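What the coordinates show
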Amino acid sequence: MDVDNGTVLIIDDEENIRHMLSIVLAKEGFRCTIAAQAQEGLELLRKQSFDIVLCDVNMPKMTGLDLLAHIGQEGIDSTVIMITAYGSVEGAIEAIQAGAYDYINKPFRPDEVLLTIRKAQERERLRRENRELRRQLNQEYDFSNIVSADPKMQSIFGMVRKIAGFKSTVLIEGESGTGKELIARALHHASDRAEKPFIPLNCGAIPEHLIESELFGHERGAFTDAVRSRNGLFLEADGGTLFLDEVGELPYSLQVKLLRVLQEEEIRRVGSDKSTKIDVRIITANIASLEELVKKKEFREDLYYRLNVLPVRLPPLRDRHGDIPLLVTHFIRRFNARLGLDIESVNEEALRLFERYHWPGNVRELEHTLERAMILADEKVLTPTDLPGKITEHKPTYNVALSEDELSIKKATYRIENDLIRKALTKTKGNRTAAAKLLEISHRALLYKIKEYEIDL
């Protein structure tokens with residue numbers, strides 16, 4: 001089978017050069033097209049695409065540099081290699097500055113031409129891979145990939161899209177596993193900082209004596225193990241976003257320095273007396289309420305107000321059970337692709353168990369539970385036998401918010417019914433017929449109770 005190494009357009013006013021290049025490249029599997037003038041080459045480029053353009057610089061009427069300018073202005077996507085007269089360094093530099101990938105000098109050897117073309121192809125391959133990786137990354141952290149039909153989550157998505165373009169600090173609060181870092185990454189990728197670094201740091205995972213150096217960097221000799229200078233995460237994130245997870249775990253002394261960074265927009269390495277200006281957007285997150293930590297004198301009040309400019313509170317999964325079927329479908333599709341599995345779905349009984357379970361680990365726990373079940377499953381449809389005992393044996397409880405002295409069955413029943421009806425209506429998006437089926441009561445009974453409890457959804 002013939003090798004196809006791509007297409008090459010050869011533009012040169014010397015026939016012997018055109019002939020020699022076309023023979024050499026054809027032997028190596030390139031499909032060659034020739035043009036004797038730059039204008040002729042430009043017309044060909046406008047009609048069809050070429051992977052590589054080999055173009056002489058010095059040609060009558062339109063020069064190679066003129067052609068290069070047209071290629072740039074018209075957005076023609078070809079890699080251009082210029083052919084220059086021997087010793088014409090200035091022309092070569094001018095060509096590179098105008099957008100050429102490289103140049104070769106006349107007279108040239110065939111292997112020199114082939115090496116230059118292969119280097120150009122390798123560069124283009126890496127560029128394509130980087131573009132694809134960037135596309136996948138942006139898609140992975142796009143809001144459309146955060147699965148939720150819940151009105152509270154949709155409201156959060158809308159707010160985060162609005163604030164993405166601003167540098168103001170964002171504080172994300174929510175239980176473990178609710179997706180705080182996912183929201184932070186989506187916020188970054190929706191902003192004009194998307195091409196710059198997103199640097200995450202779990203403040204509770206770094207020992208107290210190391211975290212200052214981790215954030216701000218240090219000079220050589222600043223402490224015993226500082227054998228060389230290094231940049232901290234603030235400098236690594238310059239131009240981008242620094243995500244401080246579990247910011248409530250920051251030592252009190254570091255809270256002062258973080259406040260100064262927010263106020264002055266500059267940092268100072270450990271052991272240095274010089275400050276460095278930075279441009280970093282700071283997003284923070286915490287499981288516990290920072291406001292409660294402030295009340296307990298465990299977090300600085302002034303820093304709290306600087307971080308809490310744009311607050312985002314993520315609801316736990318138990319408060320948006322309607323998302324569970326969507327998430328189950330999403331994770332099955334993801335793990336099938338990632339792990340090479342062929343699981344089709346979850347049966348109704350298993351899905352009811354998922355919806356009944358309280359998910360203390362939230363979406364992350366659901367994700368890991370499904371991954372385990374899919375790997376161990378013997379059939380294509382998951383059943384309760386594929387699920388861990390904590391889910392199959394879970395007994396639902398109702399939090400009716402009664403005081404210890406409240407023993408009225410009537411009041412407790414009222415609160416439970418009210419809560420269940422609201423959840424059913426939320427799950428069915430207000431469809432009362434479907435909600436009645438979930439509640440296992442008649443449609444008429446549901447309408448009566450909606451009126452009795454003054455439920456307006």
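Below is a short write-up of the structure.

Rules used throughout
Residues numbered from 1 in each chain as written. Predicted model: local features only at pLDDT ≥ 70, side-chain atom pairs only at ≥ 80, totals over all residues. Heavy atoms only, no water. Helix = DSSP H or I, 4+ residues; strand = E, 2+ residues; numbered from the N terminus. Rg over C-alpha atoms; globule rule 2.2 N^0.38 Å. Buried < 20%, exposed > 50% of the residue type's maximum accessible area, 1.4 Å probe, protein only. Contact = heavy atoms within 4.5 Å. Areas by Shrake-Rupley, 256 points an atom, 1.4 Å probe, with all protein chains shown as cover. Lys, Arg positive; Asp, Glu negative; His and termini not counted. Charge placed at Lys NZ, Arg CZ, Asp CG, Glu CD. Salt bridge = Lys/Arg side-chain N within 4 Å of Asp/Glu carboxyl O. Core = buried A, V, L, I, M, F, W, Y, C linked by side-chain atoms within 4.5 Å. Pairing = 2+ DSSP bridges. Axes fitted to C-alpha atoms, helices over the stretch in contact; angles between N-to-C directions.

Along its length, the protein chain carries 19 helices and 16 strands. Here the protein chain has a C-alpha radius of gyration of 32 Å; the compact-globule value for 457 residues is 23 Å, and the former is much larger. Along the first, second and third principal axes, the C-alpha set of the protein chain runs to 100 × 60 × 40 Å. Relative to its full complement of 457 residues, the protein chain shows a buried share of 42%. If you take every contact in the protein chain between residues at least 6 apart in sequence, the share linking residues at least 24 apart comes to 67%. With an accessible surface of roughly 25700 Å², the protein chain has 49% of that area assigned to carbon and sulfur atoms. Placing the 65 positive and 74 negative side-chain charges of the protein chain at their respective mean positions leaves the two points 4 Å apart.

What follows concerns the pattern of salt bridges. Counted according to the given criterion, the structure contains 27 salt bridges. The closest approach of N and O atoms between R334 and E367, which form a salt bridge, is 3.0 Å. With R334 in helix α13 (residues 324–339) and E367 in helix α15 (residues 362–376), the pair connects residues that are 33 residues apart, well separated along the chain. Of the charged contacts, one joins K449 and E417 as a salt bridge, the two residues approaching to 3.0 Å between their closest N and O atoms. Taken together, the residues K449 in helix α19 (residues 443–453) and E417 in helix α17 (residues 409–427) connect sequence positions 32 residues apart.

In this section: the nonpolar core. Counting residues in hydrophobic clusters, the biggest one holds 31 residues, and the most contacted among them are L215, F234, L242, L244 and L258. For this core, the secondary-structure elements that each account for two or more residues are β7 (198–202), α8 (208–216), α9 (233–236), β10 (241–245), α10 (252–264), α11 (290–295) and α12 (301–307). Per-element tally for this core: the top contributor is α10, with five residues. Excluding its chain neighbours within four sequence positions, the residues that come into contact with L242 are I199, L215, L233, F234, A237, V280, R281, I282 and I283. Ranked by size, the runner-up nonpolar core spans 23 residues in total, among them L317, V328, L366 and L382.

Pairing is parallel in the open sheet, where five strands are placed in the order β2-β1-β3-β4-β5. Because the sheet does not close on itself, it has two edges, and the strands there are β2 (30–35) and β5 (102–105). Taking each pair of neighbouring strands and ignoring which way they run, the sheet shows an average axis angle of 20°. Sheet topology places strand β1 (residues 6–11) next to strand β3 (residues 52–56); four bridges connect them, and they run parallel. Note on β3: the bridge partner recorded for I10 is L54. Most of the contacts of helix α1 (residues 15–27) go to β2, to which it runs at about 170°, and overall it touches β1, β2, β3 and β4 (79–84). Relative to β4, helix α3 (residues 64–73) is tilted by about 170°, and along the sheet it contacts β1, β3 and β4.

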